[in-house]
Amino acid sequence: MTRDVSADGQPVAFAPVPSYPPPVRVRTNGLAIAALVSGLLFITMIGAVLAVVFGHIALGQIKRSRGWQRGGGMAVAGLVLGYAGLAVIGIAILSTGTGAFE
């Protein structure tokens, strides 16, 4: 009852409490961006491999961030492009057979 009155009888000023939570700063995961950029370079083998690696790591980080990071779509796009690049490179290698398997 006397929480708002000091020992000498003077009212005590309280800081106003905001009725809303502070804004949350959500960031885009850097590896998700790297996965997408590497995925766009899927024609080169290193681009495809990096897209797959970065994409999987980014998805794990985004999941563990509990909503503080975004970029899942970019990570998945990088994964798709990376796996597609690896498939195209594999097919190209198999189709240029040197006769060793014939």
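Structure first, text after, so check above.
What comes next is a walk through the structure. (Residues numbered from 1 in each chain as written. Predicted model: local features only at pLDDT ≥ 70, side-chain atom pairs only at ≥ 80, totals over all residues. Heavy atoms only, no water.)

Focus: the side chain of N29
Defined as follows: Counting from the N terminus, the helices are DSSP H or I runs at least four residues long and the strands are E runs at least two residues long. We call two N or O atoms a polar contact when they sit within 3.5 Å, provided that within protein one can donate a hydrogen and the other can accept it, with sequence-adjacent residues counted only if both atoms are side-chain atoms.
Mapped onto the elements, N29 comes out in the loop between β1 (27-28) and α1 (30-40). One polar contact links the side chain of N29 to the main-chain amide nitrogen of A32, over a distance of 3.1 Å.

Things to note about a nonpolar patch on the surface
Using the following cut-off: Within this analysis, patches are made of residues with over 30% relative accessible area and no salt bridge. Like charges are joined at 9 Å or less; nonpolar side chains (Val, Leu, Ile, Met, Phe, Trp, Tyr) at 5 Å or less. Per-residue accessibility takes into account occlusion by the displayed protein chains alone, with areas from the Shrake-Rupley method and a 1.4 Å probe. Only one rule defines a salt bridge in this text: a Lys or Arg side-chain nitrogen within 4 Å of an Asp or Glu carboxyl oxygen.
A surface patch of nonpolar side chains, about 310 Å² in accessible area, is lined by M45, V49, V53 and I57. Position of V53 relative to the elements: it lies in helix α2 (residues 45-64).

Some details on the environment of V53
Heads up, the rule is: The classification of residues rests on relative accessible area computed with a 1.4 Å probe and restricted to protein chains. Under 20% of the type maximum is buried, over 50% is exposed, and intermediate values are partly exposed.
Assessed through its relative accessible area of 40%, V53 is described here as partly exposed. Separated by 25 residues in sequence, V53 and G78 place their C-alpha atoms 9.4 Å apart.

Details of the environment of V26
Using the following cut-off: Any two residues whose heavy atoms approach within 4.5 Å are treated as being in contact.
By the element assignment, V26 lies in the segment before β1. Between the C-alpha atom of V26 and that of W68, which follows or precedes it by 42 residues, the distance is 4.9 Å. Sequence-distant contacts of V26, defined by excluding residues within four places in its chain, comprise G67, W68, Q69 and R70.

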